[in-house]
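# Structure assessment
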Amino acid sequence: MDIKSAEFVISSPTVEKCPTSKLPEYAFIGRSNVGKSSLINMLTGYNKLAKTSAMPGKTLLINHFLINKEWHLVDLPGYGYAKRGKKEQENLKNMITNYVLKREQMTNLFVLVDSRHEPQNIDLEFIEFLGENGVPFSIVFTKGDKLSHGKLKGNIQAYLKRLSQEWEELPPYFVTSSESKMGREELLAYIEQINQMPMETENVEKIENP
């Protein structure tokens, strides 16, 4: 897939405020500081599309970006940022839960996991929540350039082995690096493949070129 255009649409405080468009949406989520903004910028080829920051937990809204005027990329708030207040954590949890469970346009959720670390309970619990609710998702291992090839492969296999304790069939997964662009073609090809699958006519909306 060639990314010909990527533009910011809107930041929404609740799922009810999200765009009314019926275009397919591919959402990205993960623990704070997992490299989500950098991955989004790498995928789209627009270096400043999603704002990156040295301070984790900056995304507080549901951010929609229109890609090739055909689908939406959605940047969701990160979870697990301990320095948030209890009320703010609860608000973000509700925002994420409502989007994931209620947003009909949400076609696939990409769950970002830092490839350098052992499986974290907060990620495993979130993945289990998705499975229990039948949410279509894939796992994206980030920062793959930070490890040697052998260490990276070992970490991925260990993670998949941990998941296989609970899952009969493992979800699709991708190994990426925002620095080297590892995994970019595979991720975009996956999105394109889903977009090309037959869909009900009423669920397809095309945006005409101006």
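Look a little higher up for the structure.
So, here is what we can say about the structure in this document. Bear in mind that the values here come from a model prediction, so they are computed numbers and not experimental data.

End to end, helix 5 (residues 184–195) covers 17 Å across 12 residues, agreeing with the expected 16 Å (1.5 Å per residue, within 8%). Buried within helix 5 are the following residues: Leu-187, Leu-188, Tyr-190, Ile-191 and Ile-194. Seen from one end, helix 5 has its buried residues packed into an arc of 150°, which puts them on one side. Exposed residues pointing more than 90 degrees away from the buried face of helix 5 are listed as Glu-185 and Gln-193.

A word on the packing of helix 1 (residues 36–44) against helix 5. Their axes nearest at 10 Å, the elements helix 1 and helix 5 cross at an angle of 75°. With respect to their mutual orientation, helix 1 and helix 5 come out roughly perpendicular. Across the interface between the two elements, Met-42, Leu-43 and Thr-44 of helix 1 pack against Arg-184, Leu-187 and Leu-188 of helix 5. Of the residues belonging to the contact of helix 1 with helix 5, the class tally is 4 nonpolar, 1 polar and 1 charged.

The way to describe two aromatic rings as a pair is by their centre distance and the angle between their planes. If you walk through the whole model with that rule in mind, you get 12 aromatic pairs. Taken together, a centroid distance of 5.8 Å and an interplanar angle of 65° make the contact between Phe-8 and Phe-65 edge-to-face. One end of the pair, Phe-8, is in strand 1 (residues 6–12); the other, Phe-65, is in strand 3 (residues 62–67), and 57 residues separate them in sequence. With relative accessibility at 49%, the residue Phe-8 sits in the partly exposed group. A relative accessible area of 3% places Phe-65 in the buried class. On the basis of an interplanar angle of 80° and a centroid distance of 5.3 Å, the ring pair of Phe-141 and Tyr-159 is categorised as edge-to-face. One end of the pair, Phe-141, is in strand 6 (residues 137–142); the other, Tyr-159, is in helix 4 (residues 149–164), and 18 residues separate them in sequence. Taken together, the aromatic side chains of Tyr-26, Phe-28, Trp-71, Phe-110, Phe-174 and Tyr-190 make up a single cluster linked through ring pairs.

Next up on the list: the pattern of salt bridges. A complete count under the given rule lists 7 salt bridges for this structure. Notably, a salt bridge pairs Lys-69 with Glu-7, separated by 3.3 Å at the nearest N-O pair. Taken together, the residues span a long stretch of sequence, with Lys-69 in the loop between strand 3 and strand 4 (71–75) and Glu-7 in strand 1 at a distance of 62 residues. Its relative accessible area of 23% is what places Lys-69 among the partly exposed residues. Each of Asp-114, Arg-116 and Lys-143 takes part in one network of salt bridges that share partners.

With that out of the way, let us pick up the nonpolar core. If you look at the biggest cluster of nonpolar residues, it comprises 31 residues, and the most contacted ones within it are Ile-29, Leu-76, Tyr-99, Leu-109, Val-111, Phe-126 and Leu-130. Elements supplying a minimum of two residues to this core: strand 2 (25–30), helix 2 (86–102), strand 5 (106–114), helix 3 (121–132), strand 6 and helix 4. Each residue touching Ile-29, except ones within four places of it in the same chain, is listed here: Lys-36, Leu-76, Pro-77, Tyr-79, Ile-96, Leu-109, Phe-110, Val-111, Leu-112 and Phe-126. Met-42, Leu-43, Leu-49 and Phe-174 belong to the second-largest nonpolar core, a separate cluster that totals 24 residues.

Parameters and conventions
- Residue indices follow the written sequence of each chain, beginning from 1 at its first position.
- For a predicted model such as this one, the threshold for reporting local features is a pLDDT of at least 70, and the threshold for listing and counting side-chain atom pairs is 80 or more; totals across whole chains, interfaces and linings nevertheless cover every residue.
- Just so you know, side-chain values use all the structure's heavy atoms and leave hydrogens and water out.
- Only DSSP runs of H or I reaching four residues or more are called helices, and only runs of E reaching two or more are called strands; each is numbered from the N terminus.
- Here the expected span of a helix is defined as 1.5 Å times the quantity of residues minus one.
- Relative accessibility thresholds used throughout: buried, under 20% of the residue-type maximum; exposed, over 50%; partly exposed, between the two (1.4 Å probe, protein chains only).
- Working note: the arc is built from the helix axis to C-beta atom directions.
- Each axis is a line fitted through C-alpha atoms, and for a helix only the stretch in contact is used; angles between axes span 0 to 180 degrees, taken between their N-to-C directions.
- Convention used here: angles under 35 degrees read as roughly parallel, angles over 145 as roughly antiparallel, angles from 65 to 115 as roughly perpendicular, and any remaining angle as oblique.
- Residue contacts are defined here by distance: any two heavy atoms, one from each residue, within 4.5 Å place the two residues in contact.
- Each residue gets one label: Ala, Val, Leu, Ile, Met, Phe, Trp, Tyr, Cys and Pro are nonpolar, Asp, Glu, Lys and Arg are charged, and the others, such as Gly, are polar.
- The rule is short: rings of Phe, Tyr and Trp, with Trp giving its six-membered ring, pair when the centres are within 6.5 Å, and they are stacked under 30 degrees, edge-to-face over 60, tilted in between.
- Take a side-chain nitrogen of Lys or Arg and a carboxyl oxygen of Asp or Glu: if they are within 4 Å of each other, that pair is a salt bridge.
- Take the buried Ala, Val, Leu, Ile, Met, Phe, Trp, Tyr and Cys residues and link them wherever side-chain atoms come within 4.5 Å; each set so joined is a nonpolar core.

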